[in-house]
Amino acid sequence: MKKTLLLLGGALLSVSGMFAQGAKNIRINEVLTNNTASVVDEYGSREAWIELENTSFTTYNIRGMYFTTDRSVLDPQMSVPERIKRMSVIPSGDPRTQIGGRQHLVFFCNSNPAQGKLHLSLPMPISEPVWLALYNGNATELIDSVSIPALVADQSYARHASGWSVKSADNVTPGIENFIKTDETKDAKLKRDDPHGFGITLLAMGIVFFCLAVLFVFFWLFGLIMRHIDTARKVVNTQPIKAVTKTVEVTHDLAHATGNLLQDGLKTKGIDKEVYIAVISLALKQYQDDVHDVESGIITIKSKETDWSYEYTQMTHFHDPLQPQDHTAPVIPTTPDMR
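Source: prediction; values computed, not measured.

## Describing the overall build of the protein
Alright, step 1. If you tally the helices and strands in the protein, you get 7 helices and 11 strands.
Alright, step 2. Put simply, of all contacts in the protein between residues at least 6 apart along the chain, 57% involve residues at least 24 apart.

The structure is reproduced here in structure tokens:
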């Protein structure tokens, strides 16, 4: 249980640390206390305004943060509810409070919050010195503060690389960078925007890791494809298609049977095997239809008397002459004196 509580406490501290670190990137960038010819709000009114800047390269939501011009909130003994009473909260519900990286946002002071989310009831003295502070959402952590001198009409107090300075009415830049030099080189602008090199370092590391990720995905897909190709080759070499295998087996059996018939002494002498097999089949069919033996395993041969039987006995001297019984049978001479 104790370990769980410790882990939970550590997680909360780390998360709060991350939010605090993000809030530190929000800072007061420019303030105008006496607006007679500067920015006009949605209702056509000219009011004092405060410009915030997100110095990081990531978006941060500033809703719930507080503005104050009351120095009494610096008293560490003051309770949070009492401190909140002396502050003006940045309301939620407006997408513009999501300040993008290196972007700016303008709030109107001495205004009515009912007129819009960017209108604050924060009291801003005109042409008098004033202290302005920005607090985190807990109303105890001071994010940024500045002491603004007395300004004449339409002058602003703006931050620059080496500190703060008063800008004339024709150089006021609400919603954009405070100092823009048209003849400034890219290297000088980069050095001004990122004096410590953190931004360019993160950018370079991001590009390197992105390239490594792309290479990893490419080689992973290439290896996957090659493994599939190798598996397909193994399947083709070791497991032929069943239909082809069956056809080969049947063809082999027919060839073997035909070869056995030929090896038994039956020669086709140029006759096609199909014709040869058909002739044998017809012969067997004719034998089955013409000769029928009653006894199993016994072949019956019936003799038939013809005139050729008599002539055969008279044509050879190896047989005794056979006297024909039929008086019409021809007489063939068998002695040398035949004429």
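Having seen the model, we can carry on.
## Considering the packing of aromatic side chains
Alright, step 1. Using the criterion set out here, one finds 4 aromatic pairs in the structure.
Alright, step 2. Note on Tyr157 and Trp164: the rings are 5.3 Å apart at their centroids and 15 degrees apart in plane angle, and the pair reads as stacked.
Alright, step 3. We classify Trp164 as partly exposed; its relative accessible area is 21%.
Alright, step 4. With centroids separated by 6.5 Å and ring planes inclined at 15 degrees, the aromatic side chains of Phe218 and Phe222 adopt a geometry described as stacked.

## Some points on the side chain of Asn178
Alright, step 1. Within the secondary structure, Asn178 sits in the loop between strand 11 (163–167) and helix 3 (186–193).
Alright, step 2. Here Asn178 falls in the buried class, since its relative accessible area comes to 7%.
Alright, step 3. Engagement of the side chain of Asn178 in a polar contact is seen with the backbone oxygen of Asn29, the distance being 3.0 Å.
Alright, step 4. What Asn178 contacts, discounting residues up to four positions off in sequence, is Asn29, Glu30, Glu51, Ala158, Arg159, Lys167 and Thr173.

## What about the pairing of strand 10 (residues 156–160)?
Alright, step 1. Counting buried positions along strand 10 gives 4 out of 5 residues, so the element sits mostly inside the fold.
Alright, step 2. Pairing geometry for strand 1 (residues 26–32) and strand 10, over 2 bridges, is antiparallel. Counted as the bridge partner of Val31 is Tyr157 from strand 10.
Alright, step 3. Relative to strand 11, strand 10 is paired through 5 bridges, and the arrangement is antiparallel. If you follow Ser156 over to strand 11, its bridge partner there is Lys167.

## Brief notes about the sheet that holds strand 4 (residues 66–68)
Alright, step 1. Read from one edge of the open sheet, 4 strands run 5-4-8-9, paired in antiparallel fashion. The sheet is open, and its two edges are formed by strand 5 (88–89) and strand 9 (142–148), each paired on a single side.
Alright, step 2. Sheet topology note: the strand 4/strand 5 ladder contains 2 bridges and is antiparallel. Among the inter-strand pairings, Tyr66 is bridged to a residue of strand 5, identified as Val89.

Procedures and definitions
- Residues numbered from 1 in each chain as written.
- Predicted model: local features only at pLDDT ≥ 70, side-chain atom pairs only at ≥ 80, totals over all residues.
- Heavy atoms only, no water.
- Helix = DSSP H or I, 4+ residues; strand = E, 2+ residues; numbered from the N terminus.
- Contact = heavy atoms within 4.5 Å.
- Phe/Tyr/Trp six-rings, centres within 6.5 Å; stacked < 30°, edge-to-face > 60°.
- Buried < 20%, exposed > 50% of the residue type's maximum accessible area, 1.4 Å probe, protein only.
- Polar contact = N/O pair within 3.5 Å; in protein donor to acceptor, adjacent residues only side chain to side chain.
- Pairing = 2+ DSSP bridges.

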